[in-house]
Amino acid sequence: MTERFDCHHCNESLFGKKYILREESPYCVACFETLYANTCEECRTPIGCDCKDLSYKDRHWHEACFRCSQCRSSLVDKPFAAKEDQLLCTDCYSNEYSSKCQECKKTIMPGTRKMEYKGSSWHETCFICHRCQQPIGTKSFIPKDNQNFCVPCYEKQHALQCVQCKKPITTGGVTYREQPWHKECFVCTACKKQLSGQRFTARDEFAYCLNCFCDLYAKKCAGCTNPISGLGGTKYISFEERQWHNDCFNCKKCSLSLVGRGFLTERDDILCPDCGKDI
């Protein structure tokens, strides 16, 4: 007696019929497509055993349905891109979503290396120095007036030269007496401390920090012997080639402030009228 050969699902005989093996069990075509066939994303019908099943990220298409969602051209054996669950040929994707080169205005194709700066994009070969026309690549560059320059070309064409070291100033410069300086070159004439961002003064066109200027040039208070800078509104008293800070102009004996008052002198001392009445 001949052994039966039936469909694993409906038990219909498969002798003389087309069948499909799944996990070593035979199925008639109808049962296999009902149980296991994938549904096409495009036409929403099952992808039968006699059709090629094309898949991408757990989604399936008939070969004839695997097309660009915009131009409807076939994507079989062609590169494509996916955007928001839609499949697009490279031309449609580029026209719709790819960046345009700031220089040549052409589309920067997917997978092409591009350069980006402040929201603009360039082909790598289009991102060049405006002066020497050489590709900038990943090297440092300086933008000016909507144009990009490699550092050497910028220094030759645009950068100011430091009055002190005569080298180009590309960043961090300061201006003093309408002349450009590097921050690190603009220093106190005496102590060489950087003056950028600090209070300073000048004498004979040379810049000094306040400490050095006071030590070198400021008059000394006859009371405390410290310098009287005269800067920032500092008030002082002057009498017979001697000077005092306002706070130091006091009676030698009783320490009464003599600012705006009458006073007497005894040798190098100043006295209020009461303390000096016995002189």
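Structure's up top.
Only a predicted model underlies this, so the values are computations on that prediction, with no experimental measurement involved.

### Here we look at the pattern of salt bridges
Should their charged atoms come close, side chains of opposite charge can pair.
Point 1. This structure, assessed with the given rule, holds eight salt bridges.
Point 2. With its nearest N and O atoms 3.8 Å apart, the salt bridge here joins E42 to R67. In this pair, E42 is assigned in the loop between helix 1 (29-36) and strand 3 (53-56) and R67 in the loop between strand 4 (59-62) and strand 5 (80-83), connecting sequence segments 25 residues apart.
Point 3. The closest approach of N and O atoms between K52 and E63, which form a salt bridge, is 3.9 Å. In this pair, K52 is assigned in the loop between helix 1 and strand 3 and E63 in the loop between strand 4 and strand 5, connecting sequence segments eleven residues apart.
Point 4. Judged by its relative accessible area of 47%, K52 falls in the partly exposed class.
Point 5. Taking relative accessible area as the criterion, E63 reaches 34% and is therefore assigned partly exposed.

### Some remarks on the layout of surface pockets
With a probe scaled to a water molecule rolled over the atoms, the places where space remains empty come into view.
Point 1. Of the voids in this model, the largest pocket is the one considered here, and its volume is about 400 Å³.
Point 2. Along the walls of the largest pocket sit 18 residues, with E103, W122, N146, Q147 and N148 positioned nearest its centre.
Point 3. Residue assignment for the lining of the largest pocket shows that the elements contributing at least two residues are strand 8 (120-123), strand 9 (141-144) and strand 10 (147-150).
Point 4. For the lining of the largest pocket, the class distribution of residues is seven nonpolar, seven polar and four charged.
Point 5. In this structure, the second largest pocket occupies an estimated 270 Å³ of space.
Point 6. For the second largest pocket, the lining is made up of 15 residues, of which Q164, W181, V187, T189 and F206 are closest to its centre.

### Overview of unusual backbone geometry
Point 1. Even without glycine at this site, E84 takes up a positive phi of about 50°.
Point 2. Mapped onto the elements, E84 comes out in the loop between strand 5 and strand 6 (86-89).
Point 3. A positive phi is found at K166, a non-glycine position, where the angle reads about 70°.
Point 4. Examined against the element boundaries, K166 turns out to sit in the loop between strand 11 (160-161) and strand 12 (168-169).

Conventions adopted
- The residue numbering used here restarts from 1 in each chain and proceeds along that chain's sequence as written.
- Confidence filtering applies because this is a predicted model: local features only for residues at pLDDT of at least 70, side-chain atom pairs given and counted only at 80 or more, and all residues used for totals across whole chains, interfaces and linings.
- Excluding hydrogens and water, the side-chain figures rest on all heavy atoms present in the structure.
- By definition here, a salt bridge exists when the distance from a side-chain nitrogen of Lys or Arg to a carboxyl oxygen of Asp or Glu is within 4 Å.
- Secondary structure follows DSSP: runs of H or I at least 4 residues long count as helices, runs of E at least 2 residues long count as strands, and numbering of each begins at the N terminus.
- Relative accessible area decides the class of each residue, using a 1.4 Å probe on protein chains only: under 20% of the type maximum gives buried, over 50% gives exposed, and in between gives partly exposed.
- A 1.4 Å probe that fits into a set of points on a 1 Å grid over the protein atoms alone but cannot get out defines a cavity; an open set with protein on both sides within 12 Å along at least five of seven lines defines a pocket, and lining residues are those with an atom within 4 Å of a point.
- Grid points are joined across faces, edges and corners, and a volume is the space filled by probe spheres set on the points.
- Residue polarity is assigned by list, with Asp, Glu, Lys and Arg as charged and Ala, Val, Leu, Ile, Met, Phe, Trp, Tyr, Cys and Pro as nonpolar; anything else, Gly included, falls into the polar class.

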